[in-house]
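Coordinates in review
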Amino acid sequence: MNGFMLKVLLGLSLVALPAHAQTNRTYAGVKAALQKINGEHPQDTSLFTLNASDSKDQILGLKIGNGPQKSLVVATHHGNEYGSTEIALAFAASAAADLLPSQTVFVIPVLNISGYDARTREERDAKGIYRDPNRDYPGPCGTEGPFHLKSTKSLADFIEREHIVNSATLHTAFPTVVYPWGIATRDLDTEYTDTFRQLATAATEDSHYQIGNSTSVMYAADGAFEDYAFWKHGIWSMLFELGFSHSPSDRDIDTMVRINVPGIRRMLLASPVMPAPHHAFTGACDMRLGSYDRHDE
Ligand SMILES: [Zn+2]
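All values derive from a computational prediction rather than experimental measurement.

1. Examining the coordination of the zinc ion
The protein atoms that coordinate the zinc ion are H78 (ND1), E81 (OE), E81 (OE), H171 (ND1) and E297 (O), at distances of 2.0 to 2.5 Å. Mapping the donors of the zinc ion onto the primary sequence gives the spacing H-x2-E-x89-H-x125-E. Placement of H78 in the loop between β3 (69-75) and α3 (82-97) and of E297 in the segment after α10 (287-290) is noted, with a sequence separation of 219 residues between them. Per residue, the accessibility class of H78 equals that of E297, and both read buried.

2. Quick look at the environment of M267
Tracing the backbone through its elements, the reader meets M267 in helix α9 (residues 250-270). The buried category is assigned to M267, whose relative accessible area is 0%. Residues within four places of M267 in sequence aside, it is in contact with S167, A168, L199, A202, A203, W236, M238 and F240.

3. Focus on the packing of helix α2 (residues 27-40) against α3
One way to put it is that α2 packs onto α3 with a least axis distance of 10 Å and a crossing angle of 10°. When the interaxial angle is binned, α2 and α3 end up roughly parallel. Contacts between α2 and α3 pair V30, A33, L34 and I37 from the former with T85, L89, A92, A93 and A96 from the latter.

4. Focus: the environment of R121
Tracing the backbone shows R121 in the loop between α4 (113-118) and β5 (123-124). For R121, a relative accessible area of 9% translates into the label buried. Between the C-alpha atoms of R121 and H77, which are 44 residues apart in sequence, the distance is 7.9 Å. Apart from the residues within four sequence positions on either side, R121 is in contact with H77, H78, G79, N80, E81, N112, D132, P133, R135, H295, D296 and E297. Within the local environment of R121, its side chain forms a polar contact with the side chain of H78, the two groups lying 3.3 Å apart.

5. So, the state of the cysteines
The final tally for this structure, using the stated rule, is 1 disulfide. In this model, C141 is linked to C285 through a disulfide, with the two sulfur atoms separated by 2.0 Å. Taking the sign of the torsion about the S-S bond as the criterion, the disulfide between C141 and C285, at about -85°, is left-handed. Placement of C141 in the loop between β6 (130-131) and α5 (150-161) and of C285 in the loop between α9 and α10 is noted, with a sequence separation of 144 residues between them. Classification of C285 by relative accessible area gives partly exposed; the value is 34%.

6. Description of the confidence of the model for the protein chain
Should pLDDT be low for a region, the predicted coordinates there are not to be read in detail. Confidence in the prediction for the protein chain averages 93 pLDDT; 93% of positions are at 70 or higher. Note on residues 6-19: pLDDT under 50 across the span, and 13 contacts to partners over four residues away in sequence or across chains.

7. Section: helix α8 (residues 225-233)
By the criterion of burial, α8 is predominantly enclosed, with 7 of the 9 residues buried. Among the structural elements, β3, α5, β7 (166-171), α6 (193-203) and β10 (236-241) are those in contact with the buried residues of α8. Just downstream of α8 lies G234, where phi reads positive at about 70°.

8. Here's the deal with the sheet that holds β3
Hydrogen bonds between backbone groups are what pair the strands of a sheet, and the pairing can be parallel or antiparallel. Within the open sheet, the 8 strands sit side by side as β1-β2-β4-β3-β7-β10-β8-β9. Their pairing is mixed. Here the strands that pair on one side only, and so sit at the sheet edges, are β1 (45-49) and β9 (210-213). Here the average twist between neighbouring strands, direction ignored, is 20°. Sheet analysis places strand β2 (residues 60-64) next to strand β4 (residues 103-108), joined by 3 bridges and oriented antiparallel. Bridge pairing in β4 links K63 to F106.

9. Things to note about the nonpolar core
Of all hydrophobic cores here, the largest spans 74 residues; its most connected members are L72, F91, L155, I159, L170 and F240. Sorting elements by how many residues they give to this core places α3 first, with 8 residues. Other than its neighbours up to four places away in sequence, F240 contacts A168, T169, L170, H171, T176, V177, A203, I264 and M267. One finds F174, V217, Y219 and L239 within the second-largest nonpolar core, a separate group that totals 6 residues.

10. Section: the side chain of T172
Here T172 lies in the loop between β7 and β8 (176-179). Within the structure, the side chain of T172 is placed 2.8 Å from the side chain of H246, a separation counted as a polar contact. Each residue touching T172, except ones within four places of it in the same chain, is listed here: E81, G83, S84, E241, L242, S245, H246, M256 and E297.

So, how was this worked out
- Residues numbered from 1 in each chain as written.
- Predicted model: local features only at pLDDT ≥ 70, side-chain atom pairs only at ≥ 80, totals over all residues.
- Heavy atoms only, no water.
- Donors = N, O, S within 2.8 Å, 3.2 Å for Na, K, Ca; no water.
- Helix = DSSP H or I, 4+ residues; strand = E, 2+ residues; numbered from the N terminus.
- Buried < 20%, exposed > 50% of the residue type's maximum accessible area, 1.4 Å probe, protein only.
- Contact = heavy atoms within 4.5 Å.
- Axes fitted to C-alpha atoms, helices over the stretch in contact; angles between N-to-C directions.
- Parallel < 35°, antiparallel > 145°, perpendicular 65-115°, else oblique.
- Polar contact = N/O pair within 3.5 Å; in protein donor to acceptor, adjacent residues only side chain to side chain.
- Disulfide = S-S within 2.5 Å.
- pLDDT = per-residue confidence, 0-100.
- Pairing = 2+ DSSP bridges.
- Core = buried A, V, L, I, M, F, W, Y, C linked by side-chain atoms within 4.5 Å.

Listed below in structure tokens is the structure:
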């Protein structure tokens, strides 16, 4: 339950909510926020859309800067995780006002539009079946997909077309920043654990969130975007699990912004300029670990 629902149930005055009312934003409000940033920085930003979505709406993003290294910040694979949307919007505003030198950053605040407006984790596919978007990518140890959803396929096509080098995918709510592998294996380390640790350390300087391999810090989850991006393309791919709740208050969101937006920027700037050359998974899958996937992150 979000703060808005709680106040309705308790019969409290809604007037007390601040004007920005972040907890209650709709997808129309997300688009308006991106258009506002674009309007304030017309030289350095432009709006773009992904190819397709199962929603009637198009997935809107903001391209920020013109540097040669292409970066991605994507939020809200899980529609109920509106806190991640707010961090993406705050990051977009911050990056547009203070460009990342030598980078072009693509910010997609909401991937799962129908889930976001309904505040549900899953997204409805073309057949009306609810799918977990962050289990819908191909992966070396399995997937619940692949690509039942147009949104996930569109994002996969996008990172390939744009030659994305580094990415941050934003969720709620463990306080962690983690890196591959997050799949069903006991062979958790890539060849680049030292680099990934440096990126995670840069990301958590202010937040002091826990860092580590995704599977060891949380649990195995096959078919997730963050592993796909590294496995398929060698993208320096980090998963941010922000805050402590799927229902943060506006005040909680302000804190999450303050301690994470600078960290996302530092992580993107600390990333190598070329993708990792050795990104195949060479370990062994342990499918028993897959049964521990709680689907709550
Ligand atoms: Zn999530």
